[in-house]
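Chains, contacts and geometry: an overview
One letter stands for each residue in the lines below.
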Amino acid sequence: MYQLAPNIELLFTEAGDYHDRVRAAAAAGFDAVEIWGPTGVDAPATPKDLPALKAALEETGTQLTAQLAEPRTQFMIPPWDHSEFYRKLDEGVAIARDLGCPRIVVGSGTGFGGWKRQVQLDKLIEIYRKAVAQIDGSGVTLVLEPVNVRVDHPGSLLDRTSEAVYVARGVDSPQFGVLYDIYHSAVEGEDMEAELDHAGDLIKYVQLADAPGRGEPGTGDLDWAERFRLLRASGYDGPIGLEYYPTTESAASVAHIVELGRTA
């Protein structure tokens, strides 16, 4: 059975603040959750009360599986000074360790204006090698997320799983891997089986939503029994973040994917 982690930016919002969402998710049978920015700086949401969030996680025995790096990576602005990213990375790692979160999600932003694509990918390798060296020994893993540019993130540099894999291979560290988002991959028209086969053990976190629409599984066109079969066949056995926009009340919206997760 896969460990499913509802994204409490989107799910269990009926409960109120983030710490109450953790309790609501736990009451619904989940032992894990994920969040976006740990302080709320980059998300259109209320800033998080981190002590209260930590207390709720500990009280319920809930694992925080992933949080986003802050600020969201925009390496093009400015093109050469990445000091703010590295400074905030230290802060993010400190928060992650305090909350017991083993992963920080990073991205590519819009890239480096005017550069050839291959040069930009190699620049990402350089940046993330430095980042991994900076957080060495922390126990926190960075996972690089490619996102679709067709619907949700126009202008983003990294929109292909294969290119995230290229960067991860270049960084070459056990503290760095790829976040494979089933929704983003499907929107980009990728072949999930081929992408997972190419990535191998570099996939270190997975998220999902149905496509089209980015709602809960069952609201779009994806065959979720087949998606789980492919994921299991690839060897991935880590947690799966439920990062979707529910079309109904949270506890009802998770029912289908929970049932599939039990047998996957």
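Our subject is the structure that appears above.
On a predicted model such as this, the values are computed, not experimentally measured, just so you know.

Tracing the backbone through its elements, the reader meets Glu243 in the loop between strand S9 (240-242) and helix H9 (250-253). Among all residues touching Glu243, those that are not within four sequence positions of it are Asn7, Leu10, Glu34, Trp36, Glu145, Asp181, Gln207, Leu208, Ala209 and Arg214.

Another point: the packing of helix H2 (residues 50-60) against helix H3 (residues 83-99). As a packed pair, H2 and H3 sit with axes 10 Å apart at the nearest point and diverge in direction by 35 degrees. Where H2 abuts H3, its residues Leu50, Leu53, Lys54 and Leu57 lie against Ile95, Asp98 and Leu99. Within the contact of H2 with H3, the residues separate by chemical class into five nonpolar, no polar and two charged.

Here we take up the nonpolar core. Counting residues in each nonpolar core, the largest one holds 85 residues, and the members touching the most others are Tyr128, Leu142 and Phe176. Apart from residues no more than four positions distant in its own chain, Leu142 is found in contact with Leu89, Ile104, Val106, Tyr128, Ala131, Val132, Ile135, Gln175, Phe176 and Gly177.

Among the six residues that make up strand S8 (residues 203-208), five are buried, leaving the element largely enclosed by the rest of the structure. Both strand S7 (residues 176-181) and S8 contribute to a ladder of four bridges, which runs parallel. In the sheet register, Val178 faces S8, and the bridge partner there is Ile203. Pairing between S8 and S9: three bridges, direction parallel. Looking across to S9, one finds that Val206 is bridged to Ile240. Chirality of the crossover, the property in question, places the unit of S8, helix H8 (residues 224-233) and S9 among those that are right-handed.

By the definition in use, this model includes seven aromatic pairs. Ring geometry for Phe12 and Phe30: centres 6.1 Å apart, planes at 70 degrees, overall edge-to-face. Of this pair, Phe12 sits in the loop between strand S1 (4-6) and helix H1 (18-27) while Phe30 sits in the loop between H1 and strand S2 (32-33); the two residues are 18 residues apart in sequence, bridging distant segments of the chain. When sorted by exposure, Phe12 lands in the same class as Phe30, which is buried. Arranged with centres 5.9 Å apart and planes meeting at 85 degrees, the rings of Phe85 and Tyr128 form a pair that is edge-to-face. Here Tyr128 lies in helix H4 (residues 117-134) and Phe85 lies in helix H3, a separation of 43 residues in the sequence. Here Phe85 matches Tyr128 in class, with each residue buried. Three or more aromatic residues link up through ring pairs in this structure, and these residues are Phe85, Tyr86, Tyr128 and Phe176.

Conventions and cut-offs
Along each chain, numbering runs from 1 in the same order as the chain's sequence is written. Local features in this predicted model are restricted to residues of pLDDT 70 or higher, and side-chain atom pairs are both shown and tallied only at a pLDDT of 80 or more, whereas totals for entire chains, interfaces and linings draw on every residue. Excluding hydrogens and water, the side-chain figures rest on all heavy atoms present in the structure. Helix and strand labels come from DSSP, where a helix needs a run of H or I of at least four residues and a strand needs a run of E of at least two; each type is numbered from the N terminus. Only heavy atoms enter the contact rule, under which two residues are in contact if any of them lie within 4.5 Å. Whenever a helix is involved, its axis is fitted only over the stretch in contact; in every case the axis is a line through C-alpha atoms, and angles between N-to-C directions fall within 0 to 180 degrees. Gly is put with the polar residues, along with every residue not named as nonpolar or charged; the nonpolar set is Ala, Val, Leu, Ile, Met, Phe, Trp, Tyr, Cys and Pro, and the charged set is Asp, Glu, Lys and Arg. The nonpolar core is taken to be a set of buried Ala, Val, Leu, Ile, Met, Phe, Trp, Tyr and Cys residues, with the residues joined through side-chain atoms within 4.5 Å. When a residue's accessible area, from a 1.4 Å probe over protein chains only, is under 20% of the maximum for its type it is buried; when over 50% it is exposed; and in between it is partly exposed. Here a strand pair is declared whenever DSSP counts at least two bridges between the two strands. We call a crossover right-handed when, viewed with both strands directed away from the observer, the connection leading from the first strand over the helix to the second proceeds clockwise. Stacked, edge-to-face and tilted are the three classes for Phe, Tyr and Trp ring pairs, Trp counted by its six-membered ring, which pair at centre distances within 6.5 Å; planes under 30 degrees apart are stacked, over 60 edge-to-face, the rest tilted.

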